[in-house]
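# Coordinate inspection notes
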Amino acid sequence: MTERDRRAHHPIFARLFARMSLAALAKGQADHRRELLTGLAGRVIEVGAGNGLNFAFYPISVTEVVAVEPEPYLRSLALDAARAAPVPVVVTDGLAEELPARDSYFDAGVASLVLCSVRCPADALSELLRVIRPGGELRFYEHVRADSARLATLQRMVDGLFWPRIAGGCHTSRDTRANLQNAGFKVEIHRGFPFRPCFLLAPVSPHILGVARRPAGSPAIDTDLRRTL
Ligand SMILES: C[S@@+](CC[C@H](N)C(=O)[O-])C[C@H]1O[C@@H](n2cnc3c(N)ncnc32)[C@H](O)[C@@H]1O
């Protein structure tokens, strides 16, 4: 990864996202975040934590959250949210594709509205597979490629034309469920639903929420080795 790739500075998008995410929370997203995190326990890594909107919803059975966030403005908001969280949260700089964590250290991982934005979903998921213990789970809440041909076409168009440039690298048309399976996770629980807090967000309406597991006994694929394959 080049030095340019390491920089995830999106100052305008970050400020816009911080406002819009609060509006989405009030329009039903709070329930999604609660559902995403219910029942988690032990050590958790959250990638691309943004302004830390998930933190308030972690159950007290979680003993430690390491929240990785590369964007400086959002990270500063996440630090504020961490201080008010019901569980211990450490916020740190870093990228999902190069997680600052030991192999198999975490009982669970959390990816919410982030696999659309990482530069390489395969590398990010490979890293999550590495740091989650065998048998541990990955909770995911993501907007994804539409099932409807018409909306999927619109998604491909906006991705090619402008969306990633104005939305902090976000892509509307990623097939995250397939990416999870290709990375070696077993998708155990999965539901899809539309969620569109405002008209402009129509291309990112299709959402999935669920639980994927790192199979017990599965070796993590070495990221460097995988790149050479
Ligand atoms: C749409 S926001 C979602 C934030 C948060 N996860 C949430 O649920 O509200 C996408 C986040 O992914 C972060 N991000 C982008 N590229 C990333 C990467 N390569 N590794 C980790 N986080 C990344 C952005 O900085 C931003 O905070």
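The notes below deal with the structure included here. (Residues numbered from 1 in each chain as written. Predicted model: local features only at pLDDT ≥ 70, side-chain atom pairs only at ≥ 80, totals over all residues. Heavy atoms only, no water.)

## Brief notes about the nonpolar core
- Counting residues in each nonpolar core, the largest one holds 27 residues, and the members touching the most others are Ile 45, Leu 125, Leu 128, Leu 138, Leu 180 and Phe 185.
- Counting residues per element, the ones that place at least two in this core are strand E1 (42-47), strand E2 (62-68), strand E4 (106-112), helix H4 (121-131), strand E5 (132-143), helix H7 (176-183) and strand E7 (206-213).
- Ranked by residues supplied to this core, first place goes to H4 with five residues.
- For Phe 185, the contacting residues outside a window of four places in its chain are Leu 125, Leu 128, Leu 129, Ile 132, Leu 138, Leu 180, Ala 212, Arg 213 and Arg 214.
- Ala 49, Ala 67, Val 91 and Val 110 belong to the second-largest nonpolar core, a separate cluster that totals 25 residues. (Core = buried A, V, L, I, M, F, W, Y, C linked by side-chain atoms within 4.5 Å. Buried < 20%, exposed > 50% of the residue type's maximum accessible area, 1.4 Å probe, protein only. Helix = DSSP H or I, 4+ residues; strand = E, 2+ residues; numbered from the N terminus. Contact = heavy atoms within 4.5 Å.)

## Let's talk about unusual backbone geometry
- The phi dihedral of Ser 104 falls on the positive side, at around 60 degrees, and the residue is not glycine.
- Overall, Ser 104 belongs to the partly exposed group, its relative accessible area being 30%.
- You will see that Leu 113, though not glycine, has its phi angle at about 55 degrees, which is positive.
- Along the chain, Leu 113 turns up in the loop between E4 and H4.

## Here's the deal with the pattern of salt bridges
- As enumerated under the stated definition, the model contains nine salt bridges in all.
- Taking the shortest distance from any N to any O, the salt bridge between Arg 34 and Asp 31 comes out at 3.0 Å. Placement of both Arg 34 and Asp 31 in helix H2 (residues 11-37) is noted, with a separation of three residues, approximately one turn of the helix.
- Asp 103 serves as the salt-bridge partner of Arg 130, at 2.7 Å between the closest nitrogen and oxygen. (Salt bridge = Lys/Arg side-chain N within 4 Å of Asp/Glu carboxyl O.)

## Things to note about the layout of surface pockets
- Put simply, the second largest pocket is a space of about 160 Å³.
- Every residue lining the second largest pocket is listed: Val 144, Arg 145, Ala 146, Asp 147, Asp 175, Thr 176, Arg 177, His 190, Pro 206, His 207 and Ile 208.
- If you list the elements that add at least two residues to the lining of the second largest pocket, you get H7 and E7.
- The greatest single-element share of the lining of the second largest pocket, amounting to three residues, is contributed by E7.
- Residue composition of the lining of the second largest pocket, grouped by class: four nonpolar, three polar and four charged. (1 Å grid on protein atoms, 1.4 Å probe; cavity = no way out; pocket = protein on both sides within 12 Å on 5 of 7 lines; lining within 4 Å. Points joined across faces, edges and corners; volume = space filled by probe spheres on them. Nonpolar A, V, L, I, M, F, W, Y, C, P; charged D, E, K, R; others polar.)

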